[in-house]
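# Overview (structure and organization)
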Amino acid sequence: MSKDQLTSLVEMLLARPAGPRTLVALAGPPGAGKSTLVETLRDALNAQRPGTAQIVPMDGFHLDDAVLKQKGLLPRKGAPGTFDLAGLAHLLERLKADIEDEIFIPVFDRRIELSRAAGASVPRTCRIVLVEGNYLLLDHPGWRDLRSLFDVTVMIKTDELTLQHRLVRRWQGLGLSTDVISAKVEGNDMPNVRLVLNESVKADIEIEN
């Protein structure tokens with residue numbers, strides 16, 4: 001995201017009418033750099049209006065590995081069917097309702113590959129919620145119902161080849177063998193990439209990264 005794009009997005013979000021809480025979907029395929037961009041956006045918003053923005057990661061709704069193993073889905077961890085979609089929808093509805101003083105949210109801890117319940121919270125003072133995740137704009141049953149909860153939608157896009165290279169480097173950083181990396185990238189990561197790029201609804205804003 002360029003500096004001009006960041007400035008424009010920050011100005012647009014801060015210019016929204018006071019009152020109802022704003023929910024922003026920041027979607028994109030694996031490897032698109034969503035986490036870094038959403039952190040940059042949060043920091044830029046809070047620099048101008050302290051405490052106004054907070055991140056809610058979709059990854060907090062990863063199903064536990066034990067559940068995935070029981071369902072035969074562990075090799076597809078990170079695919080749409082490996083998330084608690086109903087739980088995510090319920091949390092977004094609570095955030096949208098904006099009637100609670102504090103809402104606790106789950107966060108995914110990559111050090112242990114597990115979600116931690118109530119790992120963070122969103123206070124009533126947070127007026128812009130930045131929801132980040134791969135499938136927030138997926139045009140599939142259940143997922144498409146989330147769209148009505150968002151006030152602004154952003155898709156972070158990158159070409160497939162660049163994403164593939166980034167995903168390989170990500171796994172290399174964990175010291176995995178070439179064969180294991182190839183199996184993970186081609187068997188799981190890239191199918192998820194194509195799903196997001198080809199089967200998501202059009203966002204209000206598209207950003208190349």
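Here's what I pulled together on the structure shown here. (Residues numbered from 1 in each chain as written. Predicted model: local features only at pLDDT ≥ 70, side-chain atom pairs only at ≥ 80, totals over all residues. Heavy atoms only, no water.)

## Thoughts on the overall build of the protein chain
Counting its regular elements, the protein chain contains 6 helices and 7 strands. From first element to last, N terminus to C terminus, the protein chain shows the α and β order α-β-α-β-α-α-β-β-β-β-α-α-β. Here the C-alpha atoms of the protein chain give a radius of gyration of 17 Å, agreeing with the 17 Å that 2.2 N^0.38 yields for 209 residues. Each principal axis of the C-alpha distribution contributes one length, and for the protein chain these read about 50 × 35 × 30 Å. The proportion of buried residues among the 209 residues of the protein chain is 44%. When contacts within the protein chain are restricted to residue pairs at least 6 apart in sequence, long-range pairs at least 24 apart make up 73% of them. (Helix = DSSP H or I, 4+ residues; strand = E, 2+ residues; numbered from the N terminus. Rg over C-alpha atoms; globule rule 2.2 N^0.38 Å. Buried < 20%, exposed > 50% of the residue type's maximum accessible area, 1.4 Å probe, protein only. Contact = heavy atoms within 4.5 Å.)

## With respect to the pattern of salt bridges
All chains considered together, the criterion is met by 15 salt bridges. Arg16 is the salt-bridge partner of Asp151, the closest N and O atoms lying 3.9 Å from each other. Pair noted here: Asp151 is in the loop between strand S5 (128–133) and strand S6 (152–157) and Arg16 is in the loop between helix H1 (3–14) and strand S1 (22–27), with a separation of 135 residues, a long-range link. Here Asp98 makes a salt bridge to Arg127, at a shortest N to O gap of 2.5 Å. Taken together, the positions of Asp98 in the loop between helix H4 (85–97) and strand S3 (102–109) and Arg127 in the loop between strand S4 (114–123) and S5 put the pair 29 residues apart, joining distant regions of the chain. Judged by relative accessible area, which is 11%, Asp98 ranks as buried. (Salt bridge = Lys/Arg side-chain N within 4 Å of Asp/Glu carboxyl O.)

## Things to note about the pairing of S6
Burial analysis of S6 places 5 of its 6 residues in the buried class, which makes it a mostly covered element. Bridge analysis of S1 against S6 gives 4 bridges, and the strand direction is parallel. Pairing of Ala27 across the sheet is with Met155, part of S6. One ladder, built from 4 bridges, connects S6 with strand S7 (residues 205–208); its direction is parallel. In the strand pairing of S7, Val154 is matched with Ile205. (Pairing = 2+ DSSP bridges.)

## Section: the side chain of Lys77
Within the element layout of this structure, Lys77 appears in the loop between helix H3 (65–71) and H4. In this structure Lys77 comes out as buried when scored by relative accessible area, which is 16%. Discounting residues that sit within four places of it in the chain, Lys77 has contacts with His62, Asp65, Leu68, Thr82, Phe108, Glu113 and Asn188.

## Thoughts on the environment of Asn209
Structurally, the position occupied by Asn209 is in the segment after S7. Judged by its relative accessible area of 29%, Asn209 falls in the partly exposed class. It is 5.7 Å that separates the C-alpha atoms of Asn209 and Met1, two residues lying 208 residues apart in sequence. Ignoring any residue separated from it by four or fewer positions in sequence, one finds Asn209 in contact with Met1, Ala32, Gly33, Leu37, Ile156, Lys157, Thr158 and Arg166. Separated by 2.7 Å, the side chain of Asn209 and the backbone oxygen of Ala32 make a polar contact. (Polar contact = N/O pair within 3.5 Å; in protein donor to acceptor, adjacent residues only side chain to side chain.)

## As for the nonpolar core
Counting 31 residues, the largest nonpolar core has Leu92, Leu95, Leu136, Trp143 and Leu146 as the members making the most contacts within it. Only S1, H4, S3, S5 and helix H6 (178–198) provide two or more residues apiece to this core. Here this core takes 6 residues from H4, the largest share from any one element. When sequence neighbours within four positions are dropped, the list of residues in contact with Trp143 reads Met58, Pro80, Phe83, Leu85, Leu88, Tyr135, Leu136 and Leu138. Formed by 27 residues, the second largest nonpolar core is a distinct cluster that contains Val24, Ala53, Ile156 and Leu167. (Core = buried A, V, L, I, M, F, W, Y, C linked by side-chain atoms within 4.5 Å.)

## Observations regarding the packing of aromatic side chains
Throughout the structure, instances matching the rule amount to 3 aromatic pairs. On the numbers, 6.1 Å between centres and 70° between planes, the contact of Phe83 with Tyr135 is edge-to-face. A residue pair is termed long-range when its members are at least 10 positions apart, and Phe83 in the loop between H3 and H4 and Tyr135 in the loop between S5 and S6 qualify at 52 residues. The same class applies to Phe83 and to Tyr135, which are both buried. Judged by centre distance (6.4 Å) and plane angle (85°), the rings of Phe83 and Trp143 are edge-to-face. Here Trp143 lies in the loop between S5 and S6 and Phe83 lies in the loop between H3 and H4, a separation of 60 residues in the sequence. For Trp143, a relative accessible area of 5% corresponds to the buried category. Through successive ring pairs, a cluster of aromatic residues spans Phe83, Tyr135 and Trp143. Over the face of the ring belonging to Trp171 we find Lys184, whose NZ or CZ atom lies 4.7 Å from the ring centre. (Phe/Tyr/Trp six-rings, centres within 6.5 Å; stacked < 30°, edge-to-face > 60°. Lys NZ or Arg CZ within 6 Å of the ring centre and 35° of its normal.)

Keep in mind that these numbers describe shape and distance, not what the molecule does.
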